[in-house]
Amino acid sequence: MTKTTLNRSVLGFLIAAVVLPACDGASGPPAQYSDVANNTNASSACGGGVSVAGSCWFLGAQGASCEQTCSAHGGYDTATKTYAGSGGSLANCIEVVTALGITVRDPFDFRGTAGCTVNSVNNVEWFRHDETTPTASIGHLHRICACLSGGSGGDADADSDADTDADTDTDADTDADSDSDADSDTDTDTDTDTDGDTDTDTAVYNEAIVLVIDPSISAEISASLEQYEADLAAINVAVIRHPQTESTAPALRASLRSYFEQNEVPVKGAILIGQFPKPYYRIYYPAENGCLLRGPYTSLTMQYYQDLDGTYGEWGACAEEFCFDTHTGAIDSEIWISVLPWYNDEATTVAGINGYFNKNHEYRVGSRRASMGFINPIMGSEFATVQAYNNQINVVLNQGPYTWSPLTERGNVLVTADNLLNDPVNYPGSPEAYYDALLTGEYDFADIGAHGSHQSFSSGNSIVIDVAYARTHDVKANILWDTSCNTGKIDLYPTLAVEFLYNPDNYAVVIKAATDPQGGLGTNVEGYYRANIARYLSQGETLGQSYINHFNAEYVGCFKQQREYFGAHSILYGDGSIKLQEYMP
């Protein structure tokens, strides 16, 4: 099936109105439906339609309302609603579709007023949760319409009207299409138009995620995307495929904003897949009131795509194409952003993304999960006394602003610190924590990191983790919270965070990293970032939502001056919709 091409940078119409290249320029049904009027079930009394339950039924043109379709067949018959729509049943809808000569592949059940419909790959989409209306239309679907008579025969007239007026009717039916618009969003960008719907037989989506897909690799990763969409549909999360056509960061940001503002189902986040325009943020905060000197840095930043209504000022002196140096106005993040980036070449990228979605699926169905647990190797501080060692452990476990509680209370826990006590059993050092314990599958959340580059991180005589290690070791943690500097530099190769992400044998499904020399997130009015992230996750939030929740609270003290710095350099790899396993289905 040819993939849907949809330029979202200029959305002046309902998101349900789309253009399928396979049907471009045609006024009638697509090729697989072109002989419906001649099928063996057709009734001469119905003028090319079919007779079912005492009514004449017709397949509408793509995007046409039943009012349009029936204009050539005696007018609208309420059996559209009472037999196959909101007043009827899915079985009746399938009966009529089958009578029209269409072999049904998969039926789906949604909110909306379009009643019985079929898309371009024979998936029935049944909108029963709102009253079926004669005027409803959805850009990518063919409505199944009962009409009062056979009329002059054929769908040609109806199709002609339908295509002419499809956009107008779609706009007029904003309310009528309701959730169906969101579902068509979901579907349209999948191209099969159901992929967002590959979804599910259940009725209502609670939220949506946009996949911004590099067209150069979309065919090679299509099967993986379909599986991902099905996994999310099972938990009532819609997936909107957006084939990326934008060549600039501002244009892509505008498209994401359109989804956020116009999609009926709330858009919570987006995953940028493959190549996409990379924005940079030139930032410098001087040392004042005891705050640390920061910058100047030019950070590759995903914050630009997270905040959809703030104002970014361009800085002309940057070497990078899309560079900004001020961020003012409404600076909170509306959506989370995570990335599955282009990596070195097409073959490496495709293999990495497909391998990633496979382990994502296995995490979601429960077959690739570590035991619930928390591990934190504290590196670089060589404690010489038992008291100093224990004090540091307690800081992480349950005391002070730096605790990861309540993540430390949900299962296995191992917190270690480099020390000079020569007692690895009672006072293990950090190398033991990572090299041994993290590979056992006893800890699903790992806070790791130290001084780093895009190729490795280490601290003194402690752990050294590099690209070769990431490629060859099957780390069992599902969530890696990397506080190292520079390990998330998406624009360099090799990149340590990507190596963990695209290693198909480990368990990592989401990784927090940094694109510059700082891996933390600072302190806001609710506390230090560790406690905030731990609390949100332990309340059932996704990692992406937990991440932006922290940034959206007011920063305090020295950190208030540096909020932009922390926001600019932080990056999520993988899938921001991941939750702790106890909140997964």
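Residues numbered from 1 in each chain as written. Predicted model: local features only at pLDDT ≥ 70, side-chain atom pairs only at ≥ 80, totals over all residues. Heavy atoms only, no water.

Q: What is the right way to read the nonpolar core from this model?
A: Inside soluble globular proteins, nonpolar side chains tend to come together where they are buried. Membership of the largest hydrophobic core comes to 123 residues, with the highest contact counts inside it found for Ile 273, Tyr 305, Trp 404, Phe 500 and Tyr 573. In this view, Phe 500 contacts Lys 359, Tyr 434, Ile 465, Tyr 469, Ala 470, Val 475, Leu 480, Asn 506, Ala 508 and Ile 511; residues no more than four positions away in its chain are not counted. Trp 57, Ile 102, Val 124 and Ala 146 belong to the second-largest nonpolar core, a separate cluster that totals 19 residues. (Core = buried A, V, L, I, M, F, W, Y, C linked by side-chain atoms within 4.5 Å. Buried < 20%, exposed > 50% of the residue type's maximum accessible area, 1.4 Å probe, protein only. Contact = heavy atoms within 4.5 Å.)

Q: Can you walk me through the sheet that holds strand S3 (residues 107-110) in this structure?
A: Whether parallel or antiparallel, the strands of a sheet pair through hydrogen bonds between backbone atoms. One open sheet accounts for 6 strands, arranged S1-S2-S6-S4-S5-S3; its pairing is mixed. Where the open sheet ends on each side, the last strands, each with one partner, are strand S1 (50-52) and S3. Geometrically, the sheet is characterised by an average inter-axis angle of 35° between neighbouring strands, direction not taken into account. Note: strand S4 (residues 115-118) against strand S6 (residues 142-147), 2 bridges, orientation antiparallel. By the bridge assignment for S6, Val 118 is matched with His 142. Sitting on the sheet, helix H3 (residues 90-99) touches S1, strand S2 (55-62), S3, S4, strand S5 (124-127) and S6, and the angle it makes with S5 is about 140°. (Pairing = 2+ DSSP bridges. Helix = DSSP H or I, 4+ residues; strand = E, 2+ residues; numbered from the N terminus. Axes fitted to C-alpha atoms, helices over the stretch in contact; angles between N-to-C directions.)

Q: Would you mind showing me how to read empty space enclosed by the protein here?
A: Over the atoms a probe the size of a water molecule is rolled, and this reveals where empty space is left. Evaluation of the coordinates by the stated rule reveals 2 cavities of 30 Å³ or more. The computed volume of the second largest cavity comes to approximately 30 Å³. Elements that contribute at least two residues to the lining of the second largest cavity include exactly helix H6 (222-233) and helix H9 (346-365). Element by element, the count of residues in the lining of the second largest cavity is highest for H6, at 4 residues. Residues of the lining of the second largest cavity, tallied by class, amount to 2 nonpolar, 4 polar and 1 charged. (1 Å grid on protein atoms, 1.4 Å probe; cavity = no way out; pocket = protein on both sides within 12 Å on 5 of 7 lines; lining within 4 Å. Points joined across faces, edges and corners; volume = space filled by probe spheres on them. Nonpolar A, V, L, I, M, F, W, Y, C, P; charged D, E, K, R; others polar.)

Q: Where do I start with the layout of surface pockets in this structure?
A: Roughly 750 Å³ of volume is contained in the largest pocket. Looking at the lining of the largest pocket, the elements with two or more residues in it are strand S15 (373-383), helix H10 (386-397), strand S17 (445-448), helix H14 (529-538) and helix H16 (557-569). Among the elements that line the lining of the largest pocket, the one with the most residues is S15, at 6 residues. Class assignment of the residues belonging to the lining of the largest pocket gives a composition of 16 nonpolar, 13 polar and 3 charged.

Q: Just checking my understanding: could you explain the environment of Ile 331 for this structure?
A: Structurally, Ile 331 is set in the loop between strand S13 (322-328) and strand S14 (336-341). Between the alpha carbons of Ile 331 and Gly 310 there is a distance of 4.9 Å; along the sequence they are 21 residues apart. Setting aside residues up to four positions removed in sequence, Ile 331 forms contacts with Asp 307, Arg 563 and Glu 564.

Q: Whenever I open this one, the pattern of salt bridges confuses me. Can you help?
A: Note on pairing: side chains with opposite charge can pair once their charged atoms come close. Here the structure, examined in full by the defined rule, presents 14 salt bridges. Note that Lys 81 is salt-bridged to Glu 131, the shortest N-O span being 2.8 Å. Of this pair, Lys 81 sits in helix H2 (residues 79-82) while Glu 131 is found in the loop between S5 and S6, placing the two residues 50 residues apart along the sequence. With relative accessibility at 51%, the residue Glu 131 sits in the exposed group. Three or more residues are tied together by salt bridges with common partners; here these are Asp 332, Arg 563 and Glu 564. (Salt bridge = Lys/Arg side-chain N within 4 Å of Asp/Glu carboxyl O.)

Q: Just checking my understanding: could you explain the pairing of S17 for this structure?
A: Moving residue by residue along a regular strand, the side chains alternate between the two faces of the sheet. Side chains Phe 445 and Asp 447 project from S17 onto one buried face, and the interleaved Ala 446 and Ile 448 project onto a second face that is buried too. Judged from the 2 bridges that link them, S15 and S17 form a sheet pairing that is parallel. Across the sheet, the residue bridging to Phe 374 is Phe 445, located in S17.

Q: Hey, could you run me through the side chain of Thr 132 in this one?
A: With respect to the helices, strands and loops of the structure, Thr 132 is situated in the loop between S5 and S6. Sequence-distant contacts of Thr 132, defined by excluding residues within four places in its chain, comprise Tyr 76, Thr 80, Lys 81, Gly 85, Ser 86, Thr 113, Ala 114, Gly 115, Phe 127 and Arg 143.

Q: Whenever I open this one, helix H15 (residues 543-552) confuses me. Can you help?
A: H15 sits mainly inside the fold: 9 of its 10 residues count as buried. Every buried residue belonging to H15 is among Leu 543, Gly 544, Gln 545, Ser 546, Tyr 547, Ile 548, Asn 549, His 550 and Phe 551, and all of these are buried.

Q: What is the right way to read the state of the cysteines from this model?
A: Each disulfide consists of one covalent bond between the sulfur atoms belonging to two cysteines. In the structure shown here, the tally under the stated rule is 5 disulfides. Here Cys 70 connects covalently by a disulfide to Cys 147, the sulfurs 2.0 Å from one another. The S-S bond linking Cys 70 to Cys 147 shows a torsion near -75°; that makes this disulfide left-handed. Of the two residues, Cys 70 sits in the loop between helix H1 (66-69) and H2 while Cys 147 sits in strand S6, which places them 77 residues apart along the sequence. Given the relative accessible area of 0%, Cys 70 is considered buried. Here Cys 318 connects covalently by a disulfide to Cys 323, the sulfurs 1.8 Å from one another. Judged by relative accessible area, which is 2%, Cys 323 ranks as buried. (Disulfide = S-S within 2.5 Å.)

Q: Can you help me understand the confidence of the model for the protein in this one?
A: Detailed reading of the predicted model is not advised wherever pLDDT is low. The predicted model of the protein has a mean per-residue pLDDT of 82, with 81% of residues at 70 or higher. Across residues 1-39, where pLDDT falls below 50, the model places 110 contacts with residues more than four positions away in sequence or in other chains. Across residues 152-203, confidence stays below pLDDT 50; counting only partners more than four residues off in sequence or on other chains, it has 183 contacts. (pLDDT = per-residue confidence, 0-100.)

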